[in-house]
Amino acid sequence: MRVWIDMTASAHVLVFRPLIERLRGRGDEVEITARDYAQTLQLLELHGLEATVLGRHGGRSRLGKARALTSRLSALRRWAKGRSFDVALAHGSHELTLTARRLRIPSATTFDYEFAWLQHQLGCRAATRVVVPDAIPPGRLARYGARPPKLCQYAGLKEEYYLADFEPDRGVLDQLELGGNRMLVVLRPPPDVSLYHRHSNPLFPETLQHVGSREDVHALVLPRTQEQRDYVRSLELPSVVVPDRAVDAQSLIAFADVVVSAGGTMNREAVALGVPVYTTYGGRLGGVDEALIRDGRLRPLTDPRALDLARREHASTDRMRRDPPVLLDLLLSAAA
């Protein structure tokens, strides 16, 4: 089987890494395209994955995004035409599903946040299969044309699948000089260039100021963009550490005492690894986060002073490890 995978954001590398290993391990051919955005290319390099780079992020404006979409669709079509793919897979890349449909390639898309309206109107309607967690109410996806049998749902979190074989590496702590007796707090800024996150989010800067000023804390910030990296460094907070490039974030989360994130994937990675985690997300919560909050596995933060900052004695063994082939089979059902 010839498989095409398109990656347009950092998390996609993590999601597809174990699936690519299994595909190639059984003799399938896999080709990867990627968009130059955030740490996507750095993470591909970190995980030893080669990709053809096509397009860049369109920035904050709708016009910029529309131009980037049009340009990338043309580039993807030229690249994919004549390569005889049997199936195309993506994590929310509507550019892949639109291109695949035009080239009559069966496609599957997966995601775990249902309120990215424009992205899903394009991507879900064009896809052959839409694969999402069962925490998302199916009625929320019907408006995108995603109904059974096109709609397939899986148990748990995607992070529980791609972290199934993960074991943390303490070397990352030495690499970033995070030793000593300080608490480790890992922080992730909001996705402030995403169309679905147009609300101002003063809570995250307030939290960063609160944590980054404490002498008993290493406040490790994992920015999404260079703009965010420059902003955080400009604050000159004494306890803040900002890596220069993509790092083993999953190991850092595993060894953290607490995680504070305005995004989704890092929150759920912390949940999957049994680490206390707070969300400062300023947009509408999706079904996955609603379920995690109901279960007490994710805590919403409205005031930095409410953070429970305490050392964890031992790394958590309370982990759910799910079988990646289950997720892979659902995606490949697009070609059945």
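It should be noted that the structure appears before, not after, this text.
Bear in mind that the values here come from a model prediction, so they are computed numbers and not experimental data.

### As for the pattern of salt bridges
All chains considered together, the criterion is met by 23 salt bridges. Among the ionic pairs, Glu159 bridges to Lys158, the shortest N-O distance being 2.5 Å. For Lys158, a relative accessible area of 2% corresponds to the buried category. When the shortest N-O distance is used, the salt bridge between Arg268 and Glu159 registers 3.5 Å. Of this pair, Arg268 sits in helix 12 (residues 265-272) while Glu159 sits in helix 7 (residues 158-162), and the two are 109 residues apart along the sequence. For the pair Arg268 and Glu159, one class covers both residues: buried. Connected through shared salt-bridge partners, Asp112, Lys158, Glu159, Arg268 and Asp289 make up one network.

### Re the packing of aromatic side chains
Working definition: an aromatic ring pair is given by the centre-to-centre distance plus the angle between the planes. Taken as a whole, this structure holds six aromatic pairs when the rule is applied. Between Tyr113 and Tyr281, the aromatic rings sit 6.0 Å apart at their centres with planes inclined by 80 degrees, giving edge-to-face as the arrangement. One end of the pair, Tyr113, is in the loop between strand 5 (107-110) and helix 5 (117-126); the other, Tyr281, is in the loop between strand 12 (277-279) and helix 13 (287-294), with 168 residues separating them in the sequence. Neither Tyr113 nor Tyr281 differs from the other in exposure class; each is buried. Centroid distance Tyr154 to Tyr161: 5.4 Å. Interplanar angle 85 degrees. Geometry classified as edge-to-face. Tyr161 shares its class with Tyr154; the two are buried. By way of ring pairs, the aromatic residues Trp4, Trp79 and Phe85 are connected into one cluster. Sitting above the plane of the Phe255 ring, Arg170 keeps its charged end 4.5 Å from the centroid. For Arg284, the ring lying beneath its charged end belongs to Phe115, and the centroid distance is 3.8 Å.

### Regarding the nonpolar core
Formed by 43 residues in total, the largest nonpolar core has its most connected members in Val186, Leu220, Leu252 and Val259. At the level of elements, helix 1 (10-25), strand 6 (129-133), helix 8 (171-175), strand 8 (183-188), helix 11 (249-255), helix 12 and helix 13 are the ones that each hand at least two residues to this core. With five residues, helix 11 is the largest single contributor of residues to this core. With 27 residues, the next largest nonpolar core counts Ile5, Phe16, Ile32 and Leu327 among its residues.

### Some thoughts on the pairing of strand 2 (residues 29-36)
Where strand 1 (residues 2-7) lies against strand 2, six bridges are found, and the strand directions are parallel. Each residue of the ladder has a partner; that of Asp6, found in strand 2, is Thr33. In this fold, the crossover linking strand 1 to strand 2 by way of helix 1 has right-handed handedness. Of the pairings in the sheet, the one linking strand 2 to strand 3 (residues 52-56) comprises three bridges and is parallel in character. Across the sheet, the residue bridging to Ala34 is Val53, located in strand 3.

Scoring rules and cut-offs
- Residues numbered from 1 in each chain as written.
- Predicted model: local features only at pLDDT ≥ 70, side-chain atom pairs only at ≥ 80, totals over all residues.
- Heavy atoms only, no water.
- Salt bridge = Lys/Arg side-chain N within 4 Å of Asp/Glu carboxyl O.
- Buried < 20%, exposed > 50% of the residue type's maximum accessible area, 1.4 Å probe, protein only.
- Helix = DSSP H or I, 4+ residues; strand = E, 2+ residues; numbered from the N terminus.
- Phe/Tyr/Trp six-rings, centres within 6.5 Å; stacked < 30°, edge-to-face > 60°.
- Lys NZ or Arg CZ within 6 Å of the ring centre and 35° of its normal.
- Core = buried A, V, L, I, M, F, W, Y, C linked by side-chain atoms within 4.5 Å.
- Pairing = 2+ DSSP bridges.
- Right-handed = clockwise from strand over helix to strand, strands pointing away.

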